[in-house]
Each structure stands twice: as structure tokens, then as C-alpha cells.
Amino acid sequence: ATSPAASPALRVALEVRHASWLDPQRGLADWLRRRGWALVAHPDSMGRATVEQGARGEARSEYPPSDLDRHWPQTAPFAYVRLHGGCDDHAYDYGEDELRRLAAVVHGWRMRGIEVWAFVLNDSEQAAMPRNAEALKRLAHEIAGEPVPRPPKAAAATLAGFFRASPSSKKQKG
């Protein structure tokens, strides 16, 4: 295994799916802290498979979304958050109040110097993901009193366009 000291750019995040892993006597949080690895904050996966079966064998896909900051100890200088809301089929569309609560948690981590990577995994046909992700980013920066950062420059449409636009090709010509 590579340690963070040997590869400082390497970031590792571990996701567990059963609350027993969070028992302090198991020592997982301390083990992760010693390595600088994050415990994935995935509030709606604890104790769940991808799809949970109901009492009669039917898929149970709706459940109340969990709080983000209730279970996860901070074990690294970064946080990795996976959000898919209150259903197993990743079709959840977060409301403004839910996103505001999540943004407050993200803001709290950022105020403690923790770099936050938040992924919204709602990829249904209605595509709530981009809308929810943009709103979460906007709200987190709004709470911090910061402007929303501009996205990176768009990629070139073709390989030839990439080389025409690259700084190194401009230097060679000029």
C-alpha cells in the first residue's frame, strides 16, 4: 500500500455500508486518520444495498433522506460526499431546504479548512443531478459570502482544435 507521505497527491476515501464500522471500539476512524484517508459521507447508504427489498419481496425505493453530518467522523483534510437522496434508483430531486441544510454542513467543513468534494448521484431521466449540484454549489458559496467560482475553460471540440489552442503551440509559432 502507498502511504500519503510517499504519494502526497494520492487521496483515498473508504465507504462503509453498515453502522457497526463507525463504532469507536472498531478503530476504523483512527485507522483512517493515521493514513489521512477520508471516510465517505454517504448518508443514505448506511445499512442499505443498492435496492432494499420490502417484506413481500418488492423493491422499496423511497425512504426519508438522512442527515449528512450525523454519523461521519472527519478523518482527513478533505471530505468526499456522495448524495443520492431518499430513493434507491438515484432519481431523487433535492428541494431547496434540503440543499440549504447540506450546504450549511459543507460550509462548516470548509470553515475548518477541510476541502470538500461533493457528488450528487441523481442520474434519472429527469436529470436532477446537474440542477441539484449547481444549487448545492451556489448555496455553499452564498453561505460563505463568496462568489461562485467560474467553471474551467471548455475543452476543445476536436483533437486538432486542442493543439491549435494549446499554449505550447503558440509559443512555438511566436
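Every chain begins its residue count from 1, and numbering advances along the sequence as written. Local features in this predicted model are restricted to residues whose pLDDT is 70 or higher, and side-chain atom pairs enter the listing and the counts only when it is 80 or higher, whereas totals over whole chains, interfaces and linings include all residues. Processing note: side-chain calculations cover all non-hydrogen atoms of the structure and skip hydrogens and water entirely.

(A) Up close: helix α2 (residues 96-111). Strands here mean DSSP runs of E at least two residues long; helices mean DSSP runs of H or I at least four residues long; both are numbered from the N terminus. Expected span of a helix: the number of residues minus one, times 1.5 Å. A rise of 1.5 Å per residue sets the reference length of α2, with its 16 residues, at 22 Å; its end C-alpha atoms lie 22 Å apart and thus fit the reference within 8%. Buried means the residue's accessible area, taken with a 1.4 Å probe over protein chains only, is under 20% of the maximum for its type, while exposed means over 50%, and partly exposed covers the values in between. Turning to α2, its buried residues number three or more, namely Glu98, Leu99, Leu102, Ala103, Val105, Val106, His107 and Trp109. Contacts from the buried residues of α2 go to β5 (78-83), β6 (115-120) and α3 (128-144). Looking one or two residues beyond α2, the residue adopting positive phi is Gly113, at roughly 85°. The contact rule is simple, with two residues in contact once any of their heavy atoms fall within 4.5 Å.

(B) Focus on the packing of aromatic side chains. Note on ring pairs: Phe, Tyr and Trp rings are taken, using the six-membered ring of Trp, and paired if centres are within 6.5 Å. Classes follow the plane angle, with under 30 degrees stacked, over 60 edge-to-face and the rest tilted. One pass over the full model with this rule turns up 2 aromatic pairs. Aromatic side chains Trp31 and Trp37 sit 5.3 Å apart centroid to centroid with 85° between the ring planes, which places their arrangement in the edge-to-face category. Given the relative accessible area of 32%, Trp31 is considered partly exposed. Overall, Trp37 belongs to the buried group, its relative accessible area being 16%. Two thresholds decide whether a charge sits over a ring: the Lys NZ or Arg CZ must be within 6 Å of the ring centre and within 35 degrees of the ring normal. A cation sits over an aromatic face here: Arg11 above Phe78, 5.3 Å from the ring centre. The aromatic ring of Trp21 is capped on one face by Arg26, whose charged end is 4.0 Å from the ring centroid.

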